[in-house]
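# Coordinates in review
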Amino acid sequence: MSAIAIRDVRKSYGKTEVIHGVNIDIADGEFIVIVGPSGCGKSTLLRMVAGLETITEGTIEIGGRVVNRLEPGERDIAMVFQNYALYPHMSVFDNMAYGLKIAGLSKDDIRARVDKAATMLQLQPFLDRKPRQLSGGQRQRVAMGRALVRDPAAFLLDEPLSNLDAKLRVQMRLEIKQLQQSVGTTALYVTHDQVEAMTLADRLVVMHDGVAEQIDTPMAVYARP
Ligand code: ADP
Ligand code: ADP
């Protein structure tokens, strides 16, 4: 069974179709990167998996369950956004705990999960700070932590490094890969950066004009003439 199955998925805005029948099967624990130029439909595809866009045609399954009609909170996923979408007035701890509070977890369970994630992400010293008191890399880690504490079947990441400078991008890229490997969670990651795609992916989905043109390992994709 695939962790995520995207079957014959199409998306139209009004009369314009922007995703033209995409099929992707993602194995448990696999790191898939969707790569392609701006406007090719990467974000739209990811947002349909996340439940942030309706699916015009086709089906998306997460953990064997068709999720087309499920709200984001009812899908077993956690999303990391380009701008991190942290709550500015809340502490790092509260940012990480918020989703768990909404889900009704006990205080002890929340504390344990946030502590564990904060340790993995080296955020322990910053739990009482507000997002504006953090560096770019630390904010990025909080966004990752907020996803991690949910213990989802899959992480969805939409250009998560594009707001960082070049040096930090390389460092955070390594951290994301290590984190994904150590927790073993499936990852679906969107970027327009080919180097990022190549370094992170077990398999790449090369998109062009709303079509998944190639789905293969980085070696196989970049070996092609
Ligand atoms: P990418 O993430 O690869 O940059 P997007 O998924 O954002 O591409 O966009 C794919 C196409 O869909 C683009 O042509 C974009 O203009 C169009 N599009 C995205 N969102 C909307 C929307 N809400 N309404 C109309 N068109 C949209
Ligand atoms: P990205 O850089 O992630 O592709 P965009 O700048 O293309 O993001 O889009 C930002 C937001 O605007 C998204 O929510 C997208 O759905 C929406 N959007 C993109 N293109 C269009 C469009 N042609 N019409 C309406 N909304 C759009």
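Residues numbered from 1 in each chain as written. Chains lettered and ligands numbered in written order. Predicted model: local features only at pLDDT ≥ 70, side-chain atom pairs only at ≥ 80, totals over all residues. Heavy atoms only, no water.

What counts is decided by this rule: UniProt positions are given in the numbering used here, feature names are shortened, and annotations may be inferred rather than shown by experiment.
In the annotation of an unreviewed UniProt entry, the protein is listed under the name Sn-glycerol-3-phosphate import ATP-binding protein UgpC and assigned to Chelativorans salis. Taken verbatim from the UniProt record of the protein, the Sequence similarities (unreviewed entry) comment is "Belongs to the ABC transporter superfamily."

### A short note on the sheet that holds strand E9 (residues 203-208)
Spelled out, the test is: We call two strands paired when DSSP finds no fewer than two bridges between them. What counts as a helix is a DSSP run of H or I of at least four residues, what counts as a strand is a run of E of at least two, and both are numbered from the N terminus. Orientation is described by axes fitted as lines to C-alpha atoms, over the contacting stretch for helices, and by angles from 0 to 180 degrees between their N-to-C directions.
Here we have six strands laid out as an open sheet, ordered E6-E7-E8-E3-E9-E10, and mixed in their pairing. Each end of this open sheet is capped by a strand with a single partner; those strands are strand E6 (77-80) and strand E10 (211-216). The mean inter-strand angle of the sheet, taken between neighbouring strand axes irrespective of direction, is 15 degrees. With five bridges joining them, E9 and E10 adopt antiparallel strand pairing. Residue pairing for E10: leucine 204 is matched across the bridge by aspartate 216.

### Some remarks on the pairing of strand E1 (residues 4-13)
Examined bridge by bridge, E1 and strand E2 (residues 16-26) share eight bridges and lie antiparallel to one another. Bridged to isoleucine 4 within E2 is isoleucine 26. Taken together, E1 and the strand that follows it, E2, pair antiparallel across an intervening segment of two residues, in which glycine 14 is found at a positive phi of about 60 degrees. In this sheet, strand E4 (residues 57-62) lies alongside E1 in antiparallel orientation, the contact comprising five bridges. Looking across to E4, one finds that arginine 7 is bridged to threonine 59.

### Describing the side chain of lysine 42
So the rule is basically this: Any pair of residues with heavy atoms lying within 4.5 Å of one another is described as a contacting pair.
Following the sequence through the fold, lysine 42 ends up in helix H1 (residues 42-50). Ignoring any residue separated from it by four or fewer positions in sequence, one finds lysine 42 in contact with Ile34, Val35, Gly36, Pro37, Glu159, Val190, Thr191, His192 and Met207.

### Focus on the site of ligand 1
Quick note on the threshold: Nearness is defined per residue: one heavy atom within 4 Å of the molecule or strand is enough. Pairs of N or O atoms within 3.5 Å make up the polar contacts considered here, provided that, within protein, one atom can donate a hydrogen while the other can accept it, and that residues adjacent in sequence are counted only when both atoms are side-chain atoms. The Shrake-Rupley method, run with a 1.4 Å probe, gives the accessible areas here. Residue values count only the displayed protein chains as cover. Note on residue classes: Ala, Val, Leu, Ile, Met, Phe, Trp, Tyr, Cys and Pro are nonpolar, Asp, Glu, Lys and Arg are charged, and everything else, Gly too, is polar.
Near ligand 1, the surroundings consist of Tyr13, Val18, Pro37, Ser38, Gly39, Cys40, Gly41, Lys42, Ser43 and Thr44. Between ligand 1 and the protein, one listed contact pairs an oxygen atom with a backbone N or O atom of cysteine 40 at 3.2 Å. Lysine 42 has a polar side-chain atom sitting 2.9 Å from an oxygen atom of ligand 1. Calculation on ligand 1 without its partners gives an accessible area of 560 Å², and the protein chains cover 55% of this total. For the shell around ligand 1, the element with the highest residue contribution is H1, accounting for three residues. Here the shell around ligand 1 is built from residues that sort into four nonpolar, five polar and one charged.

### Regarding the sheet that holds E4
Reading across from one edge, E2-E1-E4-E5 is the order of the four strands in this open sheet, with antiparallel pairing throughout. In this open sheet, the two edge strands, each paired with only one partner strand, are E2 and strand E5 (65-66). Across the face of the sheet, H1 comes into contact with E1, E2 and E4 while running at roughly 120 degrees to E1.

### Overview of the nonpolar core
Rules: We define a nonpolar core as any set of buried Ala, Val, Leu, Ile, Met, Phe, Trp, Tyr and Cys residues linked to one another through side-chain atoms lying within 4.5 Å. Residue exposure (1.4 Å probe, protein chains only): buried if accessible area is under 20% of the type maximum, exposed if over 50%, otherwise partly exposed.
By size, the foremost hydrophobic cluster in this structure holds 42 residues, and its most contacted members are Val33, Met96, Val114, Leu157 and Tyr189. Not counting residues up to four positions away in its chain, the partners in contact with tyrosine 189 are Phe31, Ile32, Val33, Ile34, Leu157, Pro160, Leu161, Ile176, Glu196 and Leu200. Judged by nonpolar contacts, the second largest core, of 27 residues, contains Leu45, Ala50, Ile55 and Ala154.

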